[in-house]
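# Summary of the model geometry
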There are 2 protein chains.
Amino acid sequence: MRKIYTIGKLSKNTGVTVRTLDYYDEIGLIKPSSKTSGGHRLYSEDDVMKLERVLALKYMGFSLEQIKDILENSTSNWQESIQHQLELVKREQERLKMLEQALLGVSYSIEFEGEINWPVIFSIIQLYQHDPGDVLEQYKEYLNEDEMKKIIDMNAANMSEEDIKEWLKVIGDIRNNLHLDPNSEEAEQLVLCWANQADKMFGEDEELLGSMWEALQNLQEGIAFYPMDKDVINFIKRVAIVKRESTNDS
Amino acid sequence: MRKIYTIGKLSKNTGVTVRTLDYYDEIGLIKPSSKTSGGHRLYSEDDVMKLERVLALKYMGFSLEQIKDILENSTSNWQESIQHQLELVKREQERLKMLEQALLGVSYSIEFEGEINWPVIFSIIQLYQHDPGDVLEQYKEYLNEDEMKKIIDMNAANMSEEDIKEWLKVIGDIRNNLHLDPNSEEAEQLVLCWANQADKMFGEDEELLGSMWEALQNLQEGIAFYPMDKDVINFIKRVAIVKRESTNDS
DNA sequence: CTTGAACCACACGTAACGTGTTGTTTTATA
DNA sequence: TATAAAACAACACGTTACGTGTGGTTCAAG
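The following refers to the structure shown. Please read all numbers here as calculations on a predicted model, not as lab measurements.

### Quick word on the overall build of chain A
Summing up its helical and strand segments, chain A has twelve helices and three strands in all. Sequence separation of 24 or more characterises 57% of the internal contacts of chain A that already satisfy a separation of 6 or more. Split by element, the accessible area of chain A, about 14,600 Å² in all, is 47% carbon and sulfur.

Listed below in structure tokens is the structure:
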């Protein structure tokens, strides 16, 4: 009752294309165990089993060369191979997480600026090109471990879609009005909005806000808290100084 | 003060290989804006800017063809492209999550069976080849919405590494002793261990355990709760029946 | 024995370059 | 200014896992 399949039947049964079987034969991965006198390939059930194993390993992300190696060398260390694959998968997941964040950032940036702002995009990408832990590395002079953790958590989970949009809108408004006189009403209004939003995000943790602000001020370039760049920070600083002075005067 | 770069200088400044710039020139993505009389390529600052944009888009996961299209057609819809990329990234993340689970499953399987058990591997892969929601689809006759959710949560988070290993060990033990007489002491002991572990996992929710058990019994093939297959389930069932009868007898 | 379907073998194409070769241009040094 | 060294251009082939297409051959049904 041993079944024998022609390449076409095998293809239909497994969903693998004839060309693929052709290729596997060509690279010596799955050679049919017999042939007709005319040269047509005949696959035994053993061959079918091997094909299924190949497909399983392929699904697991191994290359055909690795699969060949694994199936031929019975001495090969399975656990090692699989742990290696797991490592790769985990790294790729990390990369994709970063990438998703970056894409979201770019999307927000376009939505709120109305056009492509390349420097911002570069900054975002630069920001996400390293590990998530490394992103805050630049602030380590100003923030302690505890504060860093809080900020990471805040970025990841605590902020809702709405919060993010609000935050971006506020900063977008500031970016569009960098030319405003720091003494003007409008400028003060903008910074007030910003301060409110910042308070909302940082909650009651005034100390954290203070440390963060100090860190931001000393930033040389790049963006800090997503779309805030040096220009925005300087604008806020200028307006704040003006306000403090006028408060002192009165 | 307009700077002009030879291909080598540009390569050093941007970290892009000469061959890559060569290729970008060849496919018309970045053509140098001038050349020396001898035919050497000279890149202007505009070219450098374009290169940086290309690199940014490449990081975002676009193909060179898409990039060409995006940069050439200023009418192109950025948001659409980025949302599309986001979709791709999310799908890929889903896939990798599944893959990670499958690899973990295979790893556990090898660890506890000591060798490669291909049917188990096939089952695992089959199990994770669909959406996570679809996995439990086959039980929908026996489980209600609520119960399904509980099980999904349990699989994902509630089980620690230790729990999983315990669970696998228990089932591995049963698999290795399927030949035991259902009346024997050893068999009873094995099933007792299994029941304890199941209780631990399902907590006090006896009802859920009941529904699940019913679902498992009616399973035709494949694996249900990771490494439990029909053989294991039948073994447990047989032992349980023997035990119940002997309890009734006494 | 014919005919249509299945099959084999071969070739070229894909994406984004890496690697290597040969011949030419530029640059630095004597 | 002559020459050697470095940089460069242009081309070709290789990579992965097949898809697509072609022409000739074999198989299975009638």
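Let's pick the thread back up.
### Some points on the protein's contact with DNA strand D
Every one of the 20 residues lining DNA strand D counts as a neighbour, but Thr17, Thr20 and Tyr24 of chain A together with Thr6 and Arg41 of chain B are closest to it. Here the atoms of DNA strand D within 4 Å of the protein split so that 75% fall in sugar or phosphate, with bases taking the remainder. Gly38 of chain A places a polar main-chain atom, nitrogen or oxygen, 3.1 Å from a phosphate oxygen of DNA strand D. Contact distances for DNA strand D include 3.4 Å between a phosphate oxygen and a backbone N or O atom of Leu64 of chain A. For the surface near DNA strand D, the element with the highest residue contribution is helix α2 (residues 18-26) of chain A, accounting for four residues. Split by residue class, the surface near DNA strand D holds four nonpolar, eleven polar and five charged.

### Some details on the protein's contact with DNA strand C
Around DNA strand C, 19 residues are found, and the nearest of them are Thr6, Gly8 and Arg41 of chain A together with Thr17 and Tyr24 of chain B. Within the contact set of DNA strand C, a phosphate oxygen lies 2.9 Å away from a backbone nitrogen or oxygen of Gly8 of chain A. Residue Tyr24 of chain B places a side-chain N or O atom 2.8 Å away from a phosphate oxygen belonging to DNA strand C. Listed by contribution, the elements that provide at least two residues to the surface near DNA strand C are α1 (7-14) of chain A together with α2 (18-26) of chain B. The greatest single-element share of the surface near DNA strand C, amounting to four residues, is contributed by α2 of chain B. Grouping the constituent residues of the surface near DNA strand C by class yields four nonpolar, eleven polar and four charged.

### Quick notes on the environment of Leu103 of chain B
Tracing the backbone shows Leu103 of chain B in helix α5 (residues 78-113). Note on Leu103 of chain B: relative accessible area 0%, which makes it buried. Put simply, Leu103 of chain B and Ile121 of chain B are 18 residues apart on the chain and 9.2 Å apart in space, counted from C-alpha to C-alpha. In this view, Leu103 of chain B contacts Met60, Ile82, Gln85, Leu86 and Val89 of chain A; residues no more than four positions away in its chain are not counted.

What counts as what
- Residues numbered from 1 in each chain as written.
- Chains lettered and ligands numbered in written order.
- Predicted model: local features only at pLDDT ≥ 70, side-chain atom pairs only at ≥ 80, totals over all residues.
- Heavy atoms only, no water.
- Helix = DSSP H or I, 4+ residues; strand = E, 2+ residues; numbered from the N terminus.
- Contact = heavy atoms within 4.5 Å.
- Areas by Shrake-Rupley, 256 points an atom, 1.4 Å probe, with all protein chains shown as cover.
- Near = heavy atom within 4 Å.
- Polar contact = N/O pair within 3.5 Å; in protein donor to acceptor, adjacent residues only side chain to side chain.
- Nonpolar A, V, L, I, M, F, W, Y, C, P; charged D, E, K, R; others polar.
- Buried < 20%, exposed > 50% of the residue type's maximum accessible area, 1.4 Å probe, protein only.

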